[in-house]
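Below, each chain spelled out in residue letters.
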Amino acid sequence: MTAWMLILLAILGACALQAALWLVYRRTDRADWVDAGWAGSLGLMAILYGAAGPGDPHRRLLVAALGGFWGLRLALHLARRIAGGPEDGRYTQLKAEWKTGLPAKFLLFFQFQALLAVFLSLPFLWACLDRRPGLGLLPWLGAALALVSILGEALADGQLRRFKADPGNRGQVCRAGLWSVSRHPNYFFEWLIWVAFALLAFPSPWGWTALACPALMLHFLLRVTGIPATEAQSLRSRGEAYARYQREVSAFVPWFTKKGHA
(Lines give C-alpha, C1' and ligand atoms only; values in the text may rest on other atoms or scores of the structure.)
Protein backbone atom coordinates (compact mmCIF):
# COMPACT_ATOMS: atom_id res chain seq x y z
CA MET A 1 0.00 0.00 0.00
CA THR A 2 1.36 3.44 -0.90
CA ALA A 3 2.14 6.19 1.60
CA TRP A 4 -0.78 8.34 0.45
CA MET A 5 -3.24 5.47 0.78
CA LEU A 6 -2.00 4.76 4.29
CA ILE A 7 -2.31 8.43 5.26
CA LEU A 8 -5.82 8.63 3.82
CA LEU A 9 -6.90 5.54 5.77
CA ALA A 10 -5.33 6.99 8.91
CA ILE A 11 -7.19 10.29 8.49
CA LEU A 12 -10.53 8.60 7.84
CA GLY A 13 -10.09 6.18 10.73
CA ALA A 14 -8.95 8.79 13.26
CA CYS A 15 -11.70 11.24 12.30
CA ALA A 16 -14.36 8.51 12.46
CA LEU A 17 -13.16 7.36 15.89
CA GLN A 18 -13.17 10.88 17.30
CA ALA A 19 -16.59 11.55 15.76
CA ALA A 20 -17.91 8.46 17.54
CA LEU A 21 -16.36 9.64 20.81
CA TRP A 22 -17.89 13.08 20.27
CA LEU A 23 -21.28 11.34 20.21
CA VAL A 24 -20.32 9.66 23.48
CA TYR A 25 -19.48 13.11 24.86
CA ARG A 26 -22.91 14.38 23.77
CA ARG A 27 -24.60 11.55 25.71
CA THR A 28 -22.39 11.63 28.80
CA ASP A 29 -21.10 15.24 28.91
CA ARG A 30 -17.59 13.77 29.30
CA ALA A 31 -15.18 15.52 26.94
CA ASP A 32 -12.15 13.65 28.26
CA TRP A 33 -13.00 10.70 26.01
CA VAL A 34 -11.04 12.62 23.37
CA ASP A 35 -7.80 11.66 25.13
CA ALA A 36 -8.53 7.94 24.96
CA GLY A 37 -9.39 8.33 21.27
CA TRP A 38 -6.13 10.18 20.59
CA ALA A 39 -3.99 7.45 22.15
CA GLY A 40 -6.03 4.61 20.67
CA SER A 41 -5.95 6.04 17.15
CA LEU A 42 -2.16 6.33 17.28
CA GLY A 43 -1.83 2.73 18.41
CA LEU A 44 -4.12 1.59 15.59
CA MET A 45 -2.17 3.65 13.05
CA ALA A 46 1.07 1.97 14.12
CA ILE A 47 -0.58 -1.40 13.57
CA LEU A 48 -2.04 -0.28 10.22
CA TYR A 49 1.31 0.95 8.90
CA GLY A 50 3.04 -2.16 10.20
CA ALA A 51 0.53 -4.47 8.55
CA ALA A 52 0.09 -2.70 5.20
CA GLY A 53 3.31 -0.71 4.69
CA PRO A 54 5.74 -1.70 1.92
CA GLY A 55 8.89 -1.53 4.05
CA ASP A 56 11.15 -4.14 5.61
CA PRO A 57 8.93 -6.65 7.47
CA HIS A 58 11.12 -6.76 10.59
CA ARG A 59 11.00 -2.98 10.95
CA ARG A 60 7.25 -2.97 10.35
CA LEU A 61 6.76 -5.65 13.01
CA LEU A 62 8.77 -3.62 15.50
CA VAL A 63 6.75 -0.46 14.82
CA ALA A 64 3.42 -2.29 15.05
CA ALA A 65 4.39 -4.02 18.30
CA LEU A 66 5.85 -0.99 20.09
CA GLY A 67 3.49 1.68 18.76
CA GLY A 68 0.43 -0.54 19.00
CA PHE A 69 1.15 -1.67 22.55
CA TRP A 70 1.96 1.85 23.75
CA GLY A 71 -1.13 3.47 22.20
CA LEU A 72 -3.65 0.80 23.13
CA ARG A 73 -2.32 0.47 26.70
CA LEU A 74 -2.58 4.22 27.19
CA ALA A 75 -6.06 4.30 25.65
CA LEU A 76 -7.28 1.53 27.96
CA HIS A 77 -5.74 3.25 30.98
CA LEU A 78 -7.48 6.51 30.09
CA ALA A 79 -10.80 4.78 29.36
CA ARG A 80 -10.64 3.04 32.73
CA ARG A 81 -9.98 6.34 34.47
CA ILE A 82 -12.79 8.10 32.62
CA ALA A 83 -15.30 5.34 33.32
CA GLY A 84 -14.46 5.20 37.03
CA GLY A 85 -14.05 8.82 38.07
CA PRO A 86 -15.06 12.43 37.54
CA GLU A 87 -14.27 14.34 34.37
CA ASP A 88 -10.72 15.60 33.98
CA GLY A 89 -10.67 19.07 35.51
CA ARG A 90 -8.96 20.49 32.43
CA TYR A 91 -12.11 19.87 30.39
CA THR A 92 -14.39 21.15 33.12
CA GLN A 93 -12.38 24.36 33.06
CA LEU A 94 -12.48 24.45 29.26
CA LYS A 95 -16.28 24.24 29.32
CA ALA A 96 -16.40 27.12 31.79
CA GLU A 97 -14.16 29.22 29.55
CA TRP A 98 -15.98 28.43 26.29
CA LYS A 99 -19.43 28.91 27.91
CA THR A 100 -21.59 28.72 24.75
CA GLY A 101 -21.74 26.61 21.62
CA LEU A 102 -20.00 23.72 23.38
CA PRO A 103 -21.13 20.89 21.06
CA ALA A 104 -19.81 22.61 17.92
CA LYS A 105 -16.60 23.73 19.62
CA PHE A 106 -15.91 20.26 20.98
CA LEU A 107 -16.65 18.68 17.60
CA LEU A 108 -13.88 20.82 16.11
CA PHE A 109 -11.64 20.03 19.08
CA PHE A 110 -12.17 16.26 18.69
CA GLN A 111 -11.43 16.44 14.95
CA PHE A 112 -8.34 18.55 15.55
CA GLN A 113 -7.06 15.83 17.88
CA ALA A 114 -7.68 13.28 15.13
CA LEU A 115 -5.59 15.25 12.62
CA LEU A 116 -2.90 15.88 15.23
CA ALA A 117 -2.68 12.13 15.81
CA VAL A 118 -2.18 11.56 12.08
CA PHE A 119 0.66 14.07 12.04
CA LEU A 120 2.27 12.47 15.10
CA SER A 121 2.02 9.05 13.44
CA LEU A 122 4.60 10.06 10.82
CA PRO A 123 7.51 8.35 12.65
CA PHE A 124 5.59 5.07 12.36
CA LEU A 125 4.87 5.71 8.69
CA TRP A 126 8.43 6.63 7.68
CA ALA A 127 9.82 3.53 9.36
CA CYS A 128 7.24 1.29 7.68
CA LEU A 129 7.99 2.75 4.24
CA ASP A 130 11.73 2.00 4.50
CA ARG A 131 12.44 -1.00 2.27
CA ARG A 132 16.08 -1.45 3.29
CA PRO A 133 16.61 -4.76 5.08
CA GLY A 134 17.84 -4.93 8.64
CA LEU A 135 17.89 -2.53 11.56
CA GLY A 136 20.75 -0.19 12.39
CA LEU A 137 21.93 1.10 15.75
CA LEU A 138 19.47 4.00 16.08
CA PRO A 139 16.32 1.88 15.62
CA TRP A 140 17.57 -0.62 18.18
CA LEU A 141 18.31 2.20 20.62
CA GLY A 142 14.85 3.58 19.90
CA ALA A 143 13.25 0.21 20.59
CA ALA A 144 15.11 -0.14 23.90
CA LEU A 145 14.18 3.40 24.95
CA ALA A 146 10.55 2.80 23.96
CA LEU A 147 10.34 -0.33 26.12
CA VAL A 148 11.83 1.42 29.15
CA SER A 149 9.59 4.46 28.65
CA ILE A 150 6.39 2.45 28.19
CA LEU A 151 7.14 0.55 31.39
CA GLY A 152 7.96 3.81 33.20
CA GLU A 153 4.73 5.44 32.05
CA ALA A 154 2.70 2.37 33.04
CA LEU A 155 4.38 2.31 36.47
CA ALA A 156 3.62 6.01 37.06
CA ASP A 157 0.00 5.54 35.93
CA GLY A 158 -0.40 2.55 38.24
CA GLN A 159 1.06 4.35 41.24
CA LEU A 160 -1.29 7.31 40.76
CA ARG A 161 -4.30 5.04 40.20
CA ARG A 162 -3.65 3.12 43.43
CA PHE A 163 -3.16 6.38 45.34
CA LYS A 164 -6.48 7.77 44.11
CA ALA A 165 -8.27 4.49 44.83
CA ASP A 166 -7.56 4.87 48.57
CA PRO A 167 -10.37 6.97 50.12
CA GLY A 168 -7.92 8.09 52.82
CA ASN A 169 -5.93 10.01 50.21
CA ARG A 170 -8.84 12.16 49.06
CA GLY A 171 -7.72 15.77 48.63
CA GLN A 172 -4.06 14.91 49.16
CA VAL A 173 -1.11 15.12 46.75
CA CYS A 174 0.34 11.87 45.42
CA ARG A 175 4.00 11.41 46.35
CA ALA A 176 4.13 7.67 45.82
CA GLY A 177 7.04 6.12 43.93
CA LEU A 178 7.97 8.10 40.84
CA TRP A 179 5.68 10.93 41.94
CA SER A 180 8.12 11.68 44.75
CA VAL A 181 10.85 12.68 42.28
CA SER A 182 8.75 14.25 39.50
CA ARG A 183 5.41 16.03 39.58
CA HIS A 184 4.62 14.57 36.16
CA PRO A 185 6.55 11.30 35.64
CA ASN A 186 3.87 10.09 33.23
CA TYR A 187 4.46 13.12 31.01
CA PHE A 188 8.24 12.65 31.23
CA PHE A 189 8.07 9.04 30.05
CA GLU A 190 5.47 10.00 27.43
CA TRP A 191 7.97 12.46 25.95
CA LEU A 192 10.75 9.85 26.02
CA ILE A 193 8.47 7.51 24.08
CA TRP A 194 8.28 10.10 21.28
CA VAL A 195 12.06 10.46 21.32
CA ALA A 196 12.22 6.68 20.92
CA PHE A 197 9.81 6.68 17.98
CA ALA A 198 11.87 9.42 16.31
CA LEU A 199 14.99 7.26 16.69
CA LEU A 200 13.15 4.34 15.10
CA ALA A 201 12.27 6.45 12.07
CA PHE A 202 15.39 8.61 11.77
CA PRO A 203 17.47 6.39 9.39
CA SER A 204 14.53 6.07 6.98
CA PRO A 205 13.97 8.40 4.02
CA TRP A 206 12.36 11.56 5.41
CA GLY A 207 12.98 10.11 8.86
CA TRP A 208 14.68 13.29 10.03
CA THR A 209 11.29 15.02 9.99
CA ALA A 210 10.23 12.69 12.80
CA LEU A 211 12.26 14.86 15.16
CA ALA A 212 9.40 17.38 14.95
CA CYS A 213 7.19 14.97 16.93
CA PRO A 214 9.13 14.89 20.23
CA ALA A 215 9.74 18.63 19.85
CA LEU A 216 6.01 19.28 19.43
CA MET A 217 5.11 16.95 22.28
CA LEU A 218 7.59 18.70 24.57
CA HIS A 219 6.02 22.05 23.69
CA PHE A 220 2.51 20.75 24.41
CA LEU A 221 3.55 19.09 27.67
CA LEU A 222 5.55 22.01 29.05
CA ARG A 223 3.68 24.99 27.63
CA VAL A 224 0.17 24.16 26.49
CA THR A 225 -2.17 21.30 27.49
CA GLY A 226 0.14 19.26 29.72
CA ILE A 227 1.78 20.66 32.84
CA PRO A 228 0.24 24.19 32.82
CA ALA A 229 -3.37 22.99 32.62
CA THR A 230 -2.84 20.05 34.98
CA GLU A 231 -1.09 22.15 37.61
CA ALA A 232 -3.65 24.94 37.41
CA GLN A 233 -6.35 22.38 38.14
CA SER A 234 -4.31 20.83 40.98
CA LEU A 235 -3.83 24.24 42.59
CA ARG A 236 -7.58 24.88 42.37
CA SER A 237 -8.40 21.54 44.00
CA ARG A 238 -5.52 21.08 46.48
CA GLY A 239 -4.34 24.62 47.19
CA GLU A 240 -1.31 25.05 49.46
CA ALA A 241 -0.57 21.31 49.58
CA TYR A 242 0.08 21.34 45.86
CA ALA A 243 1.95 24.65 46.01
CA ARG A 244 4.32 23.04 48.54
CA TYR A 245 4.68 20.04 46.21
CA GLN A 246 5.66 22.45 43.43
CA ARG A 247 8.37 23.98 45.60
CA GLU A 248 9.80 20.64 46.64
CA VAL A 249 9.61 18.34 43.60
CA SER A 250 10.91 18.66 40.02
CA ALA A 251 8.19 19.51 37.50
CA PHE A 252 9.25 17.16 34.72
CA VAL A 253 12.61 15.37 34.84
CA PRO A 254 12.84 13.01 37.85
CA TRP A 255 15.24 14.55 40.34
CA PHE A 256 16.10 14.75 44.01
CA THR A 257 13.63 16.38 46.36
CA LYS A 258 14.87 19.81 47.39
CA LYS A 259 17.04 19.77 50.50
CA GLY A 260 15.21 20.21 53.73
CA HIS A 261 11.91 18.82 52.43
CA ALA A 262 10.53 15.33 52.82
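Details of the structure are given in the entry above.
Residues numbered from 1 in each chain as written. Predicted model: local features only at pLDDT ≥ 70, side-chain atom pairs only at ≥ 80, totals over all residues. Heavy atoms only, no water.

Regarding the overall build of the protein chain
Right, on to step 1. A tally of helices and strands in the protein chain yields eleven helices and zero strands.
Right, on to step 2. Mapped in sequence order, the helices and strands of the protein chain form the string α-α-α-α-α-α-α-α-α-α-α.
Right, on to step 3. For the protein chain, the spread of C-alpha atoms along the three principal axes comes to 55 × 45 × 30 Å.
Right, on to step 4. Here the protein chain holds 262 residues, and 48% of them are scored as buried.
Right, on to step 5. Counted over contacts in the protein chain with a minimum sequence separation of 6, partners at least 24 positions apart contribute 78%.
Right, on to step 6. As displayed, the protein chain offers around 13000 Å² of accessible surface, 70% of which is attributable to carbon and sulfur atoms.
Right, on to step 7. Here the protein chain carries 27 positive and 15 negative side-chain charges, and the mean point of each set is 1 Å from the other. (Helix = DSSP H or I, 4+ residues; strand = E, 2+ residues; numbered from the N terminus. Buried < 20%, exposed > 50% of the residue type's maximum accessible area, 1.4 Å probe, protein only. Contact = heavy atoms within 4.5 Å. Areas by Shrake-Rupley, 256 points an atom, 1.4 Å probe, with all protein chains shown as cover. Lys, Arg positive; Asp, Glu negative; His and termini not counted. Charge placed at Lys NZ, Arg CZ, Asp CG, Glu CD.)

As for helix α5 (residues 102-120)
Right, on to step 1. End to end, α5 covers 26 Å across 19 residues, agreeing with the expected 27 Å (1.5 Å per residue, within 8%).
Right, on to step 2. Of all the positions in α5, only Leu-102, Phe-106, Phe-109, Phe-110, Gln-111, Gln-113, Ala-114, Leu-116, Ala-117, Val-118 and Leu-120 are classed as buried.
Right, on to step 3. In this structure, the buried side of α5 is in contact with α1 (3-28), α2 (33-52), α4 (89-98), α6 (122-129), α8 (185-201) and α9 (212-223). (Expected span 1.5 Å × (residues − 1).)

What to know about the packing of aromatic side chains
Given two aromatic rings, their pairing is described by the distance between the two centres and the angle made by the two planes.
Right, on to step 1. The final tally for this structure, using the stated rule, is 18 aromatic pairs.
Right, on to step 2. Here Trp-70 and Phe-197 contribute two aromatic rings whose centre-to-centre distance is 5.7 Å and whose plane-to-plane angle is 70 degrees, an arrangement assigned as edge-to-face. In this pair, Trp-70 is assigned in helix α3 (residues 57-84) and Phe-197 in helix α8, connecting sequence segments 127 residues apart.
Right, on to step 3. Residue classification places Trp-70 among the buried residues on the basis of a relative accessible area of 0%.
Right, on to step 4. Following the ring pairs from residue to residue traces out a cluster consisting of Tyr-25, Tyr-91, Trp-98, Phe-106, Phe-109 and Phe-110. (Phe/Tyr/Trp six-rings, centres within 6.5 Å; stacked < 30°, edge-to-face > 60°.)

Structural notes on the nonpolar core
Right, on to step 1. Judged by nonpolar contacts, the single largest core of 58 residues is most densely connected at Trp-38, Trp-70, Phe-106 and Trp-194.
Right, on to step 2. Considering each element in turn, this core owes the most residues, ten residues, to α2.
Right, on to step 3. Aside from chain neighbours lying at most four places away, what touches Trp-38 is Gln-18, Trp-70, Gln-113, Leu-116, Ala-117, Leu-120, Glu-190, Trp-194 and Met-217.
Right, on to step 4. Counting 16 residues, the second largest nonpolar core, distinct from the first, contains Val-173, Cys-174, Tyr-187 and Leu-221. (Core = buried A, V, L, I, M, F, W, Y, C linked by side-chain atoms within 4.5 Å.)

A word on the side chain of Ser-182
Right, on to step 1. For Ser-182, the location among the structural elements is in the loop between α7 (137-165) and α8.
Right, on to step 2. Residue Ser-182 is classed as buried on the basis of its relative accessible area of 0%.
Right, on to step 3. Engagement of the side chain of Ser-182 in a polar contact is seen with the backbone nitrogen of His-184, the distance being 3.1 Å.
Right, on to step 4. From its side chain, Ser-182 meets the backbone oxygen of Phe-252 in a polar contact 2.7 Å long.
Right, on to step 5. Residues within four places of Ser-182 in sequence aside, it is in contact with Tyr-245, Val-249, Ser-250, Ala-251, Phe-252, Val-253 and Pro-254. (Polar contact = N/O pair within 3.5 Å; in protein donor to acceptor, adjacent residues only side chain to side chain.)

Description of the packing of α1 against α5
In helix packing, the relevant descriptors are the interaxial angle and the interaxial distance, both defined with respect to the helix axes.
Right, on to step 1. Packing of α1 against α5 brings their axes to within 9 Å, and their N-to-C directions diverge by 150 degrees. Here α5 runs roughly antiparallel to α1, going by the angle between their axes. As α1 runs across α5, the sense of the crossing is right-handed. Between α1 and α5, the contacting residues are Ala-10, Ile-11, Ala-14, Cys-15, Gln-18, Ala-19, Leu-21, Trp-22, Tyr-25 and Arg-26 on the first element and Leu-102, Pro-103, Phe-106, Leu-107, Phe-110, Gln-111, Gln-113, Ala-114, Leu-115 and Val-118 on the second.
Right, on to step 2. A class-by-class count of the residues in the contact of α1 with α5 yields 16 nonpolar, three polar and one charged. (Axes fitted to C-alpha atoms, helices over the stretch in contact; angles between N-to-C directions. Parallel < 35°, antiparallel > 145°, perpendicular 65-115°, else oblique. Left-handed = near helix turned anticlockwise from the far one by under 90°. Nonpolar A, V, L, I, M, F, W, Y, C, P; charged D, E, K, R; others polar.)

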